[in-house]
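Reading the structure
For reference, the chains in residue letters:
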Amino acid sequence: MKCYNSFIYHIFKRNKIISMQSLDLRQVRCPLALVLLKQQLLTLDTNASIEVLFSNQVAIQDIRRYLDKKNYCYHCNQNTLLIKLDNK
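For the structure given in this document, a descriptive report is provided here. (Residues numbered from 1 in each chain as written. Predicted model: local features only at pLDDT ≥ 70, side-chain atom pairs only at ≥ 80, totals over all residues. Heavy atoms only, no water.)

Scanning the chain for helices and strands turns up two helices and five strands. Shown N-terminal to C-terminal, the secondary structure of the chain runs as helices and strands in the order β-β-α-β-α-β-β. Within the chain, the fraction of its 88 residues that count as buried is 35%. Restricting the contact set of the chain to residue pairs at least 6 apart, pairs at least 24 apart contribute 56%. For the chain, the exposed surface amounts to about 6,100 Å²; the carbon and sulfur share of it is 51%. (Helix = DSSP H or I, 4+ residues; strand = E, 2+ residues; numbered from the N terminus. Buried < 20%, exposed > 50% of the residue type's maximum accessible area, 1.4 Å probe, protein only. Contact = heavy atoms within 4.5 Å. Areas by Shrake-Rupley, 256 points an atom, 1.4 Å probe, with all protein chains shown as cover.)

So, in structure tokens, the structure goes:
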């Protein structure tokens with residue numbers, strides 16, 4: 001998946017359009033990275049996903065702690081975090 005800062009695109013899956021956003025936090029330090037992610041999460045619809053790109057390991061630790069606390073479903077690899085919002 002390519003990196004597009006604040007670029008919104010759609011994924012077609014089982015005849016549904018799932019909104020996917022990308023947030024590039026590679027140049028952002030804590031605590032601003034967490035604040036920007038929180039703002040982005042507030043704008044997402046249910047069943048949407050967001051790809052977060054990062055390079056600061058301290059920022060991702062804070063972000064993962066926040067996502068765990070709020071019970072978000074996410075997958076993290078070396079420099080990318082994929083967060084999926086489900087219907088609750």
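Next, the rest of the story.
Now for the nonpolar core. One finds Leu37, Leu41, Ile50, Ile63, Leu81 and Ile83 to be the most contacted residues of the largest nonpolar core, which totals 20 residues. If you list the elements that add at least two residues to this core, you get helix H1 (32-43), strand E3 (49-53), helix H2 (57-69) and strand E5 (80-84). Residue contributions to this core peak at five residues, all from H2. Not counting residues up to four positions away in its chain, the partners in contact with Leu41 are Ile50, Tyr66, Leu67, Tyr72, Ile83 and Leu85. (Core = buried A, V, L, I, M, F, W, Y, C linked by side-chain atoms within 4.5 Å.)

Taken as a whole, this structure holds two salt bridges when the rule is applied. Among the ionic pairs, Arg26 bridges to Asp24, the shortest N-O distance being 2.7 Å. Classification of Arg26 as partly exposed rests on a relative accessible area of 35%. Of the charged contacts, one joins Arg65 and Asp62 as a salt bridge, the two residues approaching to 2.7 Å between their closest N and O atoms. Of this pair, Arg65 and Asp62 are both found in helix H2, three residues apart, which corresponds to roughly one turn of the helix. (Salt bridge = Lys/Arg side-chain N within 4 Å of Asp/Glu carboxyl O.)

On inspection of all chains with the given rule, the structure shows one aromatic pair. Between Tyr66 and Tyr72, the ring centres sit 6.5 Å apart and the planes meet at 35 degrees, which makes this aromatic pair tilted. When its relative accessible area of 17% is taken as the criterion, Tyr66 is described as buried. (Phe/Tyr/Trp six-rings, centres within 6.5 Å; stacked < 30°, edge-to-face > 60°.)

Between its first and last C-alpha, H2 extends 18 Å over 13 residues, near the 18 Å set by a 1.5 Å rise per residue. Turning to H2, its buried residues are Ala59, Ile60, Ile63, Tyr66 and Leu67. Looking straight down H2, one finds its buried side chains confined to an arc of 125 degrees; they lie on one side. Relative to its buried face, H2 has exposed residues pointing more than 90 degrees away, namely Arg65 and Lys69. Residues of H2 that are buried in the fold lie against H1, strand E4 (73-76) and E5. Looking at where H2 begins, the residue whose side-chain oxygen comes 2.9 Å from the main-chain nitrogen of Val58 is Asn56. Downstream of H2 by a residue or two, Asn71 has a phi angle that is positive, lying close to 60 degrees. (Expected span 1.5 Å × (residues − 1). Arc of directions from axis to C-beta. Polar contact = N/O pair within 3.5 Å; in protein donor to acceptor, adjacent residues only side chain to side chain.)

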